Amino acid sequence: MIGMEHYDIYDQNYVRLAQNEGKIVLAKIEVLDHLEYTIYEITDDIIIDSENYSKTYGQGIQGKFSFQIYNHDHKYDTNENSPFWFDKKIRYYKGLKDRYTGDIYWFSKGIFTTTGISQENDIISIDCVDKFGLLTSETGGACLENATKIELGDKVGQMFVDMLSQEKGNGRPTDPINPLIDFDTRDIELGEDIELSTGSYFGDIFTELANSLKCRMYYDNVGHLVLTRGSSDFEFKNKAPMWVFDDKATAEYISSSLTYNFSDVKNRVTVWGENFDGASFVGVAENDNPKSPVRISLVGYRVAKTMEDMFGYEQANVDAYAEMYLKMKSIIGMSVKLDCTMLPHLDVEDVILVRNEELGLDNVRFLISEISINGNEMSISLCNVDNLPEFSEFE
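Keep in mind the model is a prediction, meaning the values are calculated, not measured.

A few points about the sheet that holds strand β16 (residues 268-274)
- Strand order across the open sheet formed by three strands is β17-β16-β18, with mixed pairing between neighbours. Only two strands of the sheet have a single neighbouring strand rather than two, namely β17 (280-286) and β18 (307-308).
- Relative to β17, β16 is paired through seven bridges, and the arrangement is antiparallel. Each bridged residue has a counterpart across the sheet, and for Val-269 the counterpart in β17 is Ala-285.

Shown next, in the form of C-alpha cells:
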C-alpha cells in the first residue's frame, strides 16, 4: 500500500506507530549537491544491517555514520564522479513505516561528509562524519592559509558568517548554509585583538570561542551550524520529555543498565587565559549541586585537565569556558544505557522519563547524551539531570 511520507513530524499518529510492534524500520540516504539540495535517493542499494550511526553530546562534531552499499552497474564507483568523493555531502534518514496504511515517518539524523571509502568486489564501504568535520582535521579542509587577526570590536555573528563564506579554492564557500546564532550572541563584540596562526582549523577556532561564550555549538540535523546560549540546570530541568520509558508498560522498552565510569567523572575544572598585555585570568567551576552523587562535598575533588582559553582575555570568558567544560565532563561521565526499539525522533539533548523498578528509577528525568543505531537496533545513553552541576540560568 502506498501511503504518505512525513518528514520530521512528531504527532499522535507517529507515537501510535512507534509503540506498535508491527512497525517496519527503514533507512534512506539522500545524495546532495553543494547547496544541499537533493539530487537523488538511495534506498534499495543500502546493505541491510550495515548502518552504524552514533551521535554523542559535545561541541563541534557530534555525529558519525558508516554504511555499505551494493555497487550495481558501477553506479557508485570510487572515483571523482562518486557521490561519496571528497567534499560531497549526504543526508541520512531513519524512518518507520505503517504496514497497514503505508505511511512513513522519516527523521533526518544529519548531513554528513565522507572521511573514507573502500571497495571489495561489488560492495562499497563508506565512513562519514557530520558537517562540522568539514571545518576540522577530520577532512583536512577549512584551515587558515595565512595568519589572521580578529580585531577588537568584531562581532561574533559576523565572524562566523565571514569564515563560513570563505572560498575553498573550487569556487564554492566553506558552508553555503547560513548559521543559526542566538540574537543576543551574534552582536557580542570581541574585547581584544586575537591572532590566529597559519594552519588553524576553523572548527578549533569556533569551538574555543563557543566555550568562552558558554555556548553550545553543533550542526543540527538539517545542516545549520548552531550557536546557542543557556546552561544545564535551566535547559534540561524545564524541557518537556520526548518519551516515557516504562519497563512494565511499553513494548518499545527492551533493557537498561546503570553504569558509572568513575575515571571519566569530573567535578572540578580549571581554565586559564591571558590578554595582550600578559595579564592572566583563571576560571574554576565546581559541582556543588547537593543532589549530585559526585559533588565535591561527598566524593572530594575529581579534577579535569586544565584547559587554555584562546579567547581568555577577560575573566568572564574563562569563567564561562570553565562552566561549559564542567557541563560536558559531567554529562559524558555518568550514564544509564537503555536498549530500545527504533525511535528515530529521539536526539541528543532530548529529555526523557524512565521508570524501572529494578534500577530504582521512578519517573526520573534523563538527558540523552548519546544515541547509537546499528541497522534496526537502537540504544541510548542517559545522564540524570539532577546530577548535573548547577549554574546561573543566563548571563
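Remarks on helix α2 (residues 156-164)
- For α2, the full list of buried residues reads Val-156, Gly-157, Met-159, Phe-160, Met-163 and Leu-164. Down the axis of α2, the smallest arc covering the buried residues is 165°, so these residues share one side.
- Here the buried face of α2 lies against β9 (148-150), β10 (180-181), α3 (183-186), α4 (202-212), β12 (215-219) and β13 (225-229).

What to know about the pattern of salt bridges
- Taken as a whole and judged by the stated rule, the model has 14 salt bridges.
- Here Lys-28 and Glu-41 are joined by a salt bridge, their closest N and O atoms 3.4 Å apart. Residue Lys-28 is located in strand β2 (residues 24-32), and its partner Glu-41 is located in strand β3 (residues 38-42); the two are separated by 13 residues in the primary sequence.
- We classify Glu-41 as partly exposed; its relative accessible area is 43%.

Comments concerning the sheet that holds β13
- Ordered in space as β10-β13-β12, the three strands form an open sheet in which the pairing is mixed. Pairing within the sheet leaves two strands with one partner each, and these edge strands are β10 and β12.
- Where α2 meets the sheet, its contacts fall on β10, β12 and β13, and the angle it forms with β13 comes to roughly 165°.
- Sheet strands in contact with α4 are β12 and β13, and its direction is about 150° off that of β12.

Focus on the environment of Ser-125
- With respect to the helices, strands and loops of the structure, Ser-125 is situated in strand β8 (residues 123-130).
- The exposure class assigned to Ser-125 is partly exposed, which follows from its relative accessible area of 22%.
- When the C-alpha atoms of Ser-125 and Asp-339 are compared, they prove to be 26 Å apart, with 214 residues separating the residues in sequence.
- A distance of 3.0 Å separates a polar atom in the side chain of Ser-125 from a polar atom in the side chain of Gln-68.

Points about the packing of aromatic side chains
- Summed over the entire model, instances satisfying the criterion amount to 16 aromatic pairs.
- Note on Tyr-10 and Tyr-14: the rings are 5.8 Å apart at their centroids and 55° apart in plane angle, and the pair reads as tilted.
- With relative accessibility at 39%, the residue Tyr-10 sits in the partly exposed group.
- Through successive ring pairs, a cluster of aromatic residues spans Tyr-53, Phe-65, Phe-67, Tyr-76, Phe-84, Tyr-92 and Phe-112.

Calculation notes
Residues numbered from 1 in each chain as written. Predicted model: local features only at pLDDT ≥ 70, side-chain atom pairs only at ≥ 80, totals over all residues. Heavy atoms only, no water. Pairing = 2+ DSSP bridges. Helix = DSSP H or I, 4+ residues; strand = E, 2+ residues; numbered from the N terminus. Buried < 20%, exposed > 50% of the residue type's maximum accessible area, 1.4 Å probe, protein only. Arc of directions from axis to C-beta. Contact = heavy atoms within 4.5 Å. Salt bridge = Lys/Arg side-chain N within 4 Å of Asp/Glu carboxyl O. Axes fitted to C-alpha atoms, helices over the stretch in contact; angles between N-to-C directions. Polar contact = N/O pair within 3.5 Å; in protein donor to acceptor, adjacent residues only side chain to side chain. Phe/Tyr/Trp six-rings, centres within 6.5 Å; stacked < 30°, edge-to-face > 60°.

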